[in-house]
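Listed here are the chains, written in short residue letters.
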Amino acid sequence: MSALTLALRQPPPGRVDLSAIRPDRLAGLGAAAIERLALPCGRSPVALGELFRVHPGDPAELRILGGDARLDGVAAGLAGGRVLVEGEVGWYAGEGLRGGVLEIHGDSGPFTGSAMSGGEIHVHGDAGERLGAPRAGGRRGMAGGVLHVRGSAGARAGERMRRGLLLVDGDAGDCCAARIIAGTVAVLGRAGAQTGVGMRRGTLLLGTAAEGLPPTFNATGAWRPGFLELLVPVLARRQPAWTERLGGDPLQRWVGDLATDGRGEIFAPD
Amino acid sequence: MLTRLSGGRIYDPAQGIDGEVRDIYLRDGRICAPPADPAMADVHYPLEGQVVMAGAIDIHSHVAGGNVNNARVLMPEQHVARQARYPGLPFGGSPWSTFDTGYRYAEMGFTTVVEPAVLPINAGHAHAELADIPILDKAGLAILGNDDFLLRLLRGGAGQATVNDYVAWTLCATQCLGVKVINAGGAAAFRFNAREFGLDDEVPFYGVTSRRILNALQRAVVALGVGHPLHVHCNNLGVPGNVDTALRTMEAAEGLPMHLAHVQFYGYGADGPHGFSTGAARLAEALGRHPNITVDVGQVLFGQTVTISGDVMRQHAARGIARPRKWALWEGEDGGGGIVPFRYRAGNFVNALQWAIGLELFLLVDDPWRVFFTTDHPNGAPFTAYPELFHLLMSRDHRARWLARIHPEAADACLLRHLEREYTLYEIATMTRAAPARLLGLGDRGHLGPGAVADIAVYADLEDRGEMFRAARLVLKDGVPVVRDGRVVNPVRGRTHAVNPDYDRAIERPLAAWFDRFHLQRLDNFRLDPGRLAETAGAELVIH
């Protein structure tokens, strides 16, 4: 059985909250019932059928064709199955993801993968700010799973991360891995100012020489800890360039942020 | 416009109606006498098989003011930014906002809520927030008893008449419905580094005892004819063995009316292997001997909450047990406040016994007119947990299920296993409607007789009382339907109630001098003006 497909008819008139549209909630609904579902759009609800053309199929695989930066909360809370977007998405895509796969063939807005705890998110374009970070007021960011951005990420990527793997193939904005509690962040391109600020524990790998680290990080010289031989192949399976960037040479290592717990580590080539 | 509610089973203890099927008629926001012909009604709600009560009244719930706001700031994770659940309403879905408070209360059939701790210096803010809470009628109780002016009066040997004038002036200046005293003198003593303070301890520098402050305030409230008796938060809250303090405070009332708040937190003995035991039976027995005393329970329910209190001494002592580990304490003009987040756990001996002590109080005190339904929101539990508490009071089986889950030593140490009593709907209606209205001196609510405001809650009669009280089928506020099937449909504006007793204006001369000498503001800026409140905060004041 082919995927259940929602094809956007035209750009939505306001910000649309798609967080209620999840494969598990669509199971057993016919195309007509799906078209009748009310979506919050701006300040008033609108029927799903007005915004999307529905092609019936197996909801365990949901395809959204024709993205828009005003589609918020795509695949939020996903626990299993696949959601595939051909185009751009707005804020909170994959927020609180627990399992399954979200694939975005386009850019994604702020808070992509916010506080996700499992599953995988692949963003083929650029991601907005606060990738994986908690919403205002939340205490924990990403707590598991894999979040892979093929393009670049905005400011505060991985903020308050607790566990899991965050990969950025392009550049990361300012305050990358800010306040992370634990977990692994890997940025192949350049990382912006104040990288790792407030880091408690966790590991940040940079594929490009580090610059502009906060003054509360201590440089500990060049070294090559054994665990890299295990970690780098994992990264390379998803982005082969890592093998060459972090090849066999010793890496520069910093520990910090000494303004907090100070047990985080940053590794970067010379 | 005439509205008819027909076929519902009415529980109206103020009129002695216990589950009779009757029709109720409303006109212009008030309940009216039945017309000659039922067909004259313009609107008709058939309520066959459903339970009809007056709108519920919460006499003690911290919903507004500076300390509540401090708690919001300290606990951002309790109100993580979310998009509106109710389309068309600003911030409608933001948890722990004024909107959220009004909506959640209304959905359970509550129509009047009292914020019991308005610091006079914070009264402007408290009123702005109260005015912003939709649907509900609100009122505040002004805190006195740790303020420099009163303590100076008492130190100087001022007569009761002067104290009366000062209390009346404060009620008018803060536009509150009554007077609350929190650990009388304790916050003042805390400033002089006292860390323990009992009823007969003297406040350093002022040389007056807690008992003296309590008596002066209580007499003032009685003399001024304020409807609500002095609302007392005793000394030694939460300290094992403090049941003696509560009993001595009852004696100190000397037969005059007094309300003791959240007595569960004073129902502690110091016996047993853990040095912590239930004192509920002694409290209940003492209540029997003191018909002038009313209490609300301040029930503990398990889960995460945050304790908000003007009792800085107590909150300072509790800072070490904060979960998550963060707390805030401040000391200011009229007292202060402390915010300590806490998580009550069923598997913890002390927490489990606290839970049991609250229920024992509910079940041992035989008079629902004198024991009130509160969790001291959010100190014992957030008000959103009320349905669970209704369920516990009304179902022995539900209590038995919980007794099997809590810390086994606590389950053995309490009397709960032996208490068979189950609250009836009539008793619930007494405790949450008729009695609170009488206690607050608000004669126009809490009952369904002609002339009462048309604040009415209708529930489905479900076996599961928790489910029943979680979502009212229909709530009318001033005759307007505001909740249908457990969801708010019309967020009307509520009013704020206050009393303005008469006093001798001569008190303003020493007060103005005191303000000029010691205070940050001048007296005229401190005093709230009802016209300004309406203009700036949108508060519609009703003066009783």
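See the structure printed just above.
Computed from a prediction, not measured in an experiment: that's the story for all the values here. (Residues numbered from 1 in each chain as written. Chains lettered and ligands numbered in written order. Predicted model: local features only at pLDDT ≥ 70, side-chain atom pairs only at ≥ 80, totals over all residues. Heavy atoms only, no water.)

(A) Seen up close, the overall build of chain A. Helix and strand content of chain A: five helices and 17 strands. The C-alpha radius of gyration computed for chain A amounts to 19 Å, which stays within 12% of the reference 18 Å derived for 270 residues, consistent with globular compactness. For chain A, the residues scored as buried account for 54% of the 270 residues in total. Within chain A, residue pairs in contact and separated by at least 24 positions form 42% of the contacts whose partners lie at least 6 positions apart. Carbon and sulfur atoms form 49% of the exposed surface of chain A, whose accessible area is close to 10,500 Å². (Helix = DSSP H or I, 4+ residues; strand = E, 2+ residues; numbered from the N terminus. Rg over C-alpha atoms; globule rule 2.2 N^0.38 Å. Buried < 20%, exposed > 50% of the residue type's maximum accessible area, 1.4 Å probe, protein only. Contact = heavy atoms within 4.5 Å. Areas by Shrake-Rupley, 256 points an atom, 1.4 Å probe, with all protein chains shown as cover.)

(B) View of the overall build of chain B. When helices and strands are tallied, chain B shows 19 helices and 26 strands. The C-alpha extent of chain B, read off along each of the three principal axes, is 70 × 60 × 50 Å. Within chain B, the proportion of its 544 residues that are buried is 64%. Look at the contacts in chain B between residues 6 or more apart in sequence, and 76% of them connect residues 24 or more apart. Charged side chains of chain B number 52 positive and 60 negative; the gap between the two group centres comes to 4 Å. (Lys, Arg positive; Asp, Glu negative; His and termini not counted. Charge placed at Lys NZ, Arg CZ, Asp CG, Glu CD.)

(C) Structural detail: the interface of chain B and chain A. Counting residues at the interface gives nine residues for chain B and twelve residues for chain A. With both chains or domains summed, chain B and chain A bury close to 910 Å², and 52% of this area falls on carbon and sulfur atoms. Joining chain B to chain A, the criterion identifies one salt bridge. Counting the contacts that link chain B with chain A gives one residue pair in polar contact (both at pLDDT 80 or more). (Buried area = accessible area lost by both parts, 1.4 Å probe. Salt bridge = Lys/Arg side-chain N within 4 Å of Asp/Glu carboxyl O. Polar contact = N/O pair within 3.5 Å; in protein donor to acceptor, adjacent residues only side chain to side chain.)

(D) Spatial organisation of the sheet that holds strand 6 (residues 43-46) of chain B. Residues and elements named next belong to chain B. The four strands lie next to each other as 5-4-1-6, forming an open sheet whose pairing is mixed. Edge strands, defined here as strands with exactly one partner in the open sheet, are strand 5 (30-32) and strand 6. Averaged over all neighbouring strand pairs, the angle between strand axes comes to 30°, with direction disregarded. The pairing of strand 1 (residues 2-6) with strand 4 (residues 24-27) spans four bridges and is classified as antiparallel. Bridge pairing links Leu2 to Arg27 in strand 4. (Pairing = 2+ DSSP bridges. Axes fitted to C-alpha atoms, helices over the stretch in contact; angles between N-to-C directions.)

(E) Structural detail: the packing of helix 4 (residues 148-155) of chain B against helix 5 (residues 160-174) of chain B. Residue and element names in this part refer to chain B. Axis separation between helix 4 and helix 5 bottoms out at 10 Å; the angle between their running directions is 175°. Between helix 4 and helix 5, the crossing angle belongs to the class labelled roughly antiparallel. Counting all contacts with helix 4, which are made through Phe149, Leu150, Leu153 and Leu154, the residues of helix 5 involved are Thr162, Val163 and Tyr166. A class-by-class count of the residues in the contact of helix 4 with helix 5 yields six nonpolar, one polar and no charged. (Parallel < 35°, antiparallel > 145°, perpendicular 65-115°, else oblique. Nonpolar A, V, L, I, M, F, W, Y, C, P; charged D, E, K, R; others polar.)

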